[in-house]
Every structure is written in C-alpha cells, then in structure tokens.
Amino acid sequence: MYNWDFYTVLQSLDLFLLGMKMTALYTVGSILLGITFGLMAAFARLSQWWALRLIARTYQEIFRCTPLLVQILWAFYALPLIIGVNIPNYIAGLLMLSLYVGSFYGEIFRGGINAIDKGQREAAMAVGMSGAQAMYHIIMPQAIKKMLPAFINQSVIQVKNTSLLYAISIAELTYMTYVVNGETYRPLEAYTLTAVLYFAMLFPLTQFADHFERRMRRSD
Amino acid sequence: MNSTIQPAISVRGLTKSYGALQVLKGIDLDLPAGEVLAIIGPSGSGKSTLIRCLNMMEVLTTGDLRFQGQRVSTKFKDKGDAIGTATLRRKVGMCFQHFNLFPHLTVLENVTKGPTVVLKEDRKAADNYARELLGKVGLSDKAESYPSQLSGGQKQRVAIARSLAMKPDVMLFDEVTSALDPELVGEVLEVVRELARGGMTMVLVTHEMAFAAEVADRVVFIDQGVIAEEGPPEKVMKDPSSDRLKQFLSRFNA
C-alpha cells in the first residue's frame with residue numbers, strides 16, 4: 001500500500017502558490033490580448049475587403065489547426081533562427097497563447113455578430129446611425145449576450161492551456177510541480193495537488209458560467 | 001433653392017438590380033410635402049424595394065434620388081451639394097414589417113436611442129419627448145417594458161414612436177401591418193391615420209386596400225418593376241384601367 005505523504009510536498013507550498021500566480025497572470029494576459037486579436041480577426045472576416053478577410057482567415061486556420069504546444073516550441077526555438085534574434089520565453093509564451101486563443105475568440109465573436117438579425121442593423125441605420133454606431137449601440141450588446149457561454153468555455157480551456165508553458169521553462173503551476181517533484185521525488189502527491197489546485201481555480205468559473213447562462217435565458 | 005416648393009422626395013430613372021435580376025426598371029416619382037402616397041402591387045413587384053430606395057436602405061443601381069431638392073449620395077456624410085444617408089435618414093423615418101425593435105432595450109430606450117446617439121440630444125429632453133410620443137401611440141404604461149413583453153401591434157406602435165422621435169419630415173411604412181394578427185391591425189392603422197391627419201408626408205407600402213383608399217391622397221400601382229398605374233385612390237381603386245390592376249384588386253374584393 002502506497003504511503004501518502006503530502007507533508008513533504010506541502011513544504012514547497014510557496015512554489016505552488018507562485019506557480020498559481022504565474023498561471024493566473026498568463027491566463028489574464030493572454031485572454032486580454034486574445035480578445036484584441038479575436039476582435040480584429042472577427043471584424044476583418046466581416047469586412048467588405050477580401051484581402052482583410054483572407055489575412056484573418058489564414059491567421060485563424062494556422063492557429064486553429066496546429067497544436068498549441070508546437071506553436072509555443074516553434075516560437076521559442078525555431079522563430080529566433082529565422083529572425084536572428086532570441087525571443088525571451090515569456091514573450092514567446094504569452095504571444096503564442098494569445099494568438100492561439102484569439103483565433104478561437106475570432107470565430108466566437110464573428111458567430112455572435114452574425115447571429116443578430118440584419119433587421120437590427122437596418123433599424124439602427126434607419127434612425128441615422130453610422131455602421132459603427134449601430135455596431136456599438138445595437139449589435140454588440142446583443143451579440144455579447146449570445147457569445148458569452150462560448151467565450152467563457154474557451155477561456156476555461158485557456159487556463160489549462162497555460163500548463164503547456166512548462167515546455168519552455170516558464171514558472172507556472174505545472175512547471176513548478178515538475179520542480180517540486182524533482183526535489184521531493186513525490187510525483188503522486190505533487191501532481192495530485194496540482195490537479196486539485198487547477199480544479200479549485202476552474203470549478204467556480206464553470207459554475208459561474210452555468211449560473212450566468214441560466215439567468216440570461218430567463219430574461220429572454 | 002426653396003425647399004417648400006420642392007417635392008419632399010423625388011426619384012428619376014430609378015433602377016435596382018440584384019445581380020442579373022432587375023427588380024425596378026425605371027421609376028420616376030415625386031412625393032410632394034404633405035402627401036400620403038400608397039404603393040400597392042403584387043408580391044415581388046418591387047414595391048418594397050422601391051420604398052427602401054427612398055431612404056437609401058437599398059442603394060440605387062442607376063438613377064437619381066433627391067430630398068427636398070438636394071441630391072442624395074450613397075455616402076454616409078454630406079459632401080458638396082449632395083446630402084449623405086445620415087442626413088437623409090434623420091429626415092426620413094422608416095418602419096418595417098417585422099418592427100425590428102431593439103430587444104435589449106426598454107420601450108423608452110428604444111425611442112430615445114436615435115435622438116441621444118444621432119442627434120446628441122440631452123437625455124432628459126429625449127426622455128420627455130419619448131414619453132409624449134408613447135402617449136400619442138397609446139403606450140404610456142409600457143415605457144419600462146421590454147419588447148418581448150409586447151404584442152405585435154404594440155411593438156409596431158413603439159417602432160412608429162421610435163421613428164417619430166427623430167422628428168422626421170417624411171415617414172416610410174413598409175408593410176407595417178403584414179406581420180400582425182388581424183385583430184391587431186386596427187390599432188396600428190389608427191396611429192398611421194392620426195399621422196396622416198396631422199399632415200405628415202408619408203409613403204405606405206400596404207396590402208390594406210381599404211385603408212389605402214381611405215388615407216392616401218394618391219395610389220401608385222407597381223407591377224413588374226414599373227409604375228403601371230397611378231392616380232387618386234377613387235380612380236385607381238374603383239376604376240382601374242389596366243387588366244393587371246383589375247386582376248390584382250379583384251383578389252381583395254371577396
């Protein structure tokens with residue numbers, strides 16, 4: 001029978017907490033940047049200029065159809081060979097996480113905007129609003145409501161995706177666990193604790209999303 | 001130019017095509033200020049397309065649109081001697097078959113959105129005027145409701161108030177009763193009738209022949225993308241000259 005010993009692992013609790021902090025930072029940072037990329041991609045896809053649509057589409061397909069781990073490794077190990085400049089791991093990591101989630105956000109945003117009846121835009125234009133005013137005052141408030149469940153879902157995945165940063169030695173939670181395991185030789189306790197910590201971060205988020213979705217349906 | 005002697009809206013040589021399909025094939029039309037014009041015609045005749053061209057909701061393929069004598073361009077902003085769609089649509093209100101109320105806003109906010117966003121009106125003034133208009137369409141008690149809580153007839157009356165809040169010179173009604181249950185048509189027509197009495201310049205695309213005959217000063221019959229017949233309602237409705245119009249009207253006189 002295995003002898004559980006969390007005490008040894010908990011000696012390094014400060015490392016786990018530091019890892020959680022980094023995980024939270026990379027999550028928030030990449031979600032904010034990802035929203036920017038996603039909005040740009042969505043509006044480019046909805047644009048009347050085919051060149052913009054093509055660029056956005058190409059970006060999205062590249063990032064949606066290759067694994068995030070490969071993207072991170074590529075940005076850190078391969079890209080510097082092309083541009084001749086070393087890229088610090090935190091920049092490569094944050095950038096790839098952001099571009100990756102942005103490509104999915106772009107589809108979520110585009111879908112939300114497209115789901116709004118075109119009569120809404122017409123009614124806004126009929127009182128003299130510009131396209132931008134119609135988007136801001138009439139279409140976006142409705143579209144955001146529609147896209148929120150998918151957005152939260154993708155963001156939950158994003159929290160977990162930060163764990164791939166361990167591959168380029170960024171000190172987030174998974175990497176820290178790896179470090180603690182190396183010091184304590186207690187993989188069962190270390191990785192179990194990490195799983196519990198991820199769960200503790202995400203479970204409230206998914207519960208909030210469910211609650212929010214139920215509340216939204218009631219007001220419809 | 002003096003706008004009082006200019007028609008409120010005039011079109012010359014208007015054609016509209018969607019790809020290879022030509023829906024409007026050369027329309028000339030003047031709408032004098034104060035006139036109530038009814039546009040009738042079979043489904044697919046182009047009457048909805050025509051009314052949507054009058055506020056540039058549809059861009060004309062060829063032809064010339066003028067508002068109070070000024071040329072209207074397809075651009076949003078005014079430029080040179082041509083006014084843009086922004087100016088045009090502030091002056092020419094439109095109501096739609098499916099109301100298109102903003103579902104995320106209350107009835108009051110639906111009415112004040114245009115004035116506050118487009119005309120930069122003060123919130124309080126816009127609220128006051130909106131409540132006055134809601135009173136006129138008989139919906140004072142619904143100001144804080146959401147569109148989903150209203151009947152079709154109530155929604156359409158809110159939509160009319162929303163257009164009137166911009167203090168338009170012309171109102172366009174595109175089949176505003178076609179999506180309503182029969183028992184709700186009357187309350188909407190009553191509001192339109194009241195506007196007509198008040199001297200509002202209006203264009204109505206409608207299937208309500210009796211109503212068109214009652215409120216319109218002039219009726220235009222559109223068929224296959226052209227004005228096939230026009231004149232005062234008593235002439236057009238009671239004594240049609242073309243076979244196609246006779247045939248069209250016979251369907252309403254059951």
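In this report, the structure presented in the accompanying data block is examined.

Reading the values: rules and limits
- Think of each chain on its own: its residues are numbered from 1, step by step along the sequence as written.
- Here the convention is simple: chains get letters from A, ligands get numbers from 1, in the order in which they are written.
- Residues qualify for local features only when their pLDDT is at least 70, as the model is predicted, and side-chain atom pairs are given and counted only at 80 or more; totals for whole chains, interfaces and linings, by contrast, use all residues.
- Side-chain measures here rest on the full set of heavy atoms in the structure, leaving out hydrogens and waters.
- Helix and strand definitions here come from DSSP, where helices need a minimum of 4 consecutive H or I residues and strands a minimum of 2 consecutive E residues; each element is numbered from the N-terminal end.
- Between the first and last residue of a helix there are one fewer steps than residues, each counted as 1.5 Å, and that sum is the expected span.
- Accessibility here uses a 1.4 Å probe with only protein chains present; expressed as a share of the type maximum, an area under 20% marks a residue as buried, one over 50% as exposed, and anything in between as partly exposed.
- The directions considered for the arc run from the helix axis to the C-beta atoms.
- Two strands pair under a simple rule: DSSP has to find at least two bridges between them.
- Between two residues, a contact is recorded if the distance between any of their heavy atoms is within 4.5 Å.
- Note on definitions: buried area is the accessible-area loss of two parts on being combined, 1.4 Å probe, summed for both.
- By salt bridge we mean one thing: a side-chain nitrogen of Lys or Arg within 4 Å of a carboxyl oxygen of Asp or Glu.
- Asp, Glu, Lys and Arg are counted as charged, while Ala, Val, Leu, Ile, Met, Phe, Trp, Tyr, Cys and Pro are counted as nonpolar; the rest, among them Gly, fall into the polar class.
- Axis definition: a line fitted to C-alpha atoms, limited for helices to the stretch in contact. Angles are taken between N-to-C directions and run from 0 to 180 degrees.

### Observations regarding helix α8 (residues 173–184) of chain A
Helical geometry note: an α-helix holds 3.6 residues per turn, so side chains three or four residues apart project in the same direction. Residues and elements named next belong to chain A. Spanning twelve residues, α8 covers 16 Å between terminal C-alpha atoms, matching the ideal 16 Å at 1.5 Å per step. Of the residues making up α8, those classed as buried are L173, T174, M176, T177, V180, N181 and T184. Down the axis of α8, the buried side of the element spans an arc of 155°, and every buried residue falls inside it.

### Description of the sheet that holds strand β5 (residues 70–71) of chain B
All names here are of chain B. The four strands are arranged β2-β1-β4-β5 in an open sheet whose pairing can be described as antiparallel. Two strands close off the open sheet at either side, each with one partner strand: β2 (21–31) and β5. As judged from the eight bridges shared by strand β1 (residues 9–18) and β2, these two strands associate in the antiparallel manner. Bridging from a neighbouring strand, K16 pairs with L24 of β2.

### Let's talk about the interface of chain B and chain A
In this assembly, 22 residues from chain B lie in contact with 16 residues from chain A. For the chain B and chain A pair, buried surface summed over both sides reaches about 1,600 Å², with 64% attributable to carbon and sulfur atoms. Counting across the chain B and chain A interface gives one salt bridge. One salt bridge in this structure joins R52(B) and E122(A), with 2.6 Å as the shortest N-O distance. For the side of chain B that touches chain A, the elements supplying multiple residues, two or more each, are α2 (85–91), β6 (92–95) and α3 (107–117) of chain B. In terms of residue count, the dominant contributor to the side of chain B that touches chain A is α3(B) (three residues). Here the residues of the side of chain B that touches chain A sort into 13 nonpolar, four polar and five charged.

### Considering the sheet that holds strand β7 (residues 170–174) of chain B
All names here are of chain B. Ordered in space as β6-β7-β8-β3-β9-β10, the six strands form an open sheet in which the pairing is mixed. At either end of the open sheet lies a strand with only one pairing partner, and these are β6 and β10 (226–231). Put simply, the sheet's adjacent strands are angled 20° from each other on average, direction ignored. In terms of strand pairing, β6 meets β7 through four bridges, oriented parallel. Residue pairing for β7: C95 is matched across the bridge by F173. Together, β3 (36–40), β9 (218–223) and β10 form the strand contacts of helix α9 (residues 243–250), whose direction differs from that of β9 by roughly 105°.

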